[in-house]
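Secondary and tertiary structure notes
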Amino acid sequence: MYQVAVCEDEPLAAKQNEDMVCRIFESKHMRRDIDYAVTCFLSPAPLLAQMQQRPDAFHLLLLDIELETENGISFAARLRKMGAACSIVYITAYREYVFDCFDTRPLHYLLKPVEKTAFDSALLTA
């Protein structure tokens, strides 16, 4: 099963990201909880705890950069040091971090509000 994690501290944005993931996968005839799963985290701490147990728990991480308790790029760097090999797509309102994230080997960097075609492309590339 393809596992997606959404880490976004704004509940509405987290729900929107989750809904977009579901829409895209379902358009490819994939079924939630059978072919794929989406787990939302409103802060990085529970995601970190899960990935400390299993660094391979997720295939794709949709990650906000400006989180309430932590910078998403620093968080992704910690995940990489733990051995997390998941694809990372940053979703942020901040253009200025684009060059700071390269060391975390992101798949994409999307600006909010995310355009449907850009999100589709990022997800299907992952």
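The structure this text deals with has already been given above.
For the structure given in this document, a descriptive report is provided here. (Residues numbered from 1 in each chain as written. Predicted model: local features only at pLDDT ≥ 70, side-chain atom pairs only at ≥ 80, totals over all residues. Heavy atoms only, no water.)

Details of the sheet that holds strand S5 (residues 108-111)
The five strands lie next to each other as S2-S1-S3-S4-S5, forming an open sheet whose pairing is parallel. Of all the strands in the sheet, the pair left with one neighbour each is strand S2 (36-41) and S5. Mean inter-strand twist for the sheet, computed between neighbouring axes without regard to direction, equals 15°. Relative to S2, strand S1 (residues 2-7) runs parallel, the two being bridged by six bridges. Looking at the pairing, Cys 7 lines up with Phe 41 of S2. Running at roughly 170° to strand S4 (residues 87-92), helix H3 (residues 72-81) makes contact with strand S3 (60-63) and S4 of the sheet. (Pairing = 2+ DSSP bridges. Helix = DSSP H or I, 4+ residues; strand = E, 2+ residues; numbered from the N terminus. Axes fitted to C-alpha atoms, helices over the stretch in contact; angles between N-to-C directions. Contact = heavy atoms within 4.5 Å.)

Side note on the state of the cysteines
In protein chemistry, a disulfide is the covalent bond that joins the sulfur atoms of two cysteines. The full count for this structure, using the stated rule, is zero disulfides. Between Cys 22, a free cysteine, and Cys 40, which holds the nearest cysteine sulfur, the sulfur-to-sulfur gap is 8.5 Å. Cys 22 gets classed as buried once you look at its relative accessible area, which sits at 9%. When its relative accessible area of 31% is taken as the criterion, Cys 40 is described as partly exposed. (Disulfide = S-S within 2.5 Å. Buried < 20%, exposed > 50% of the residue type's maximum accessible area, 1.4 Å probe, protein only.)

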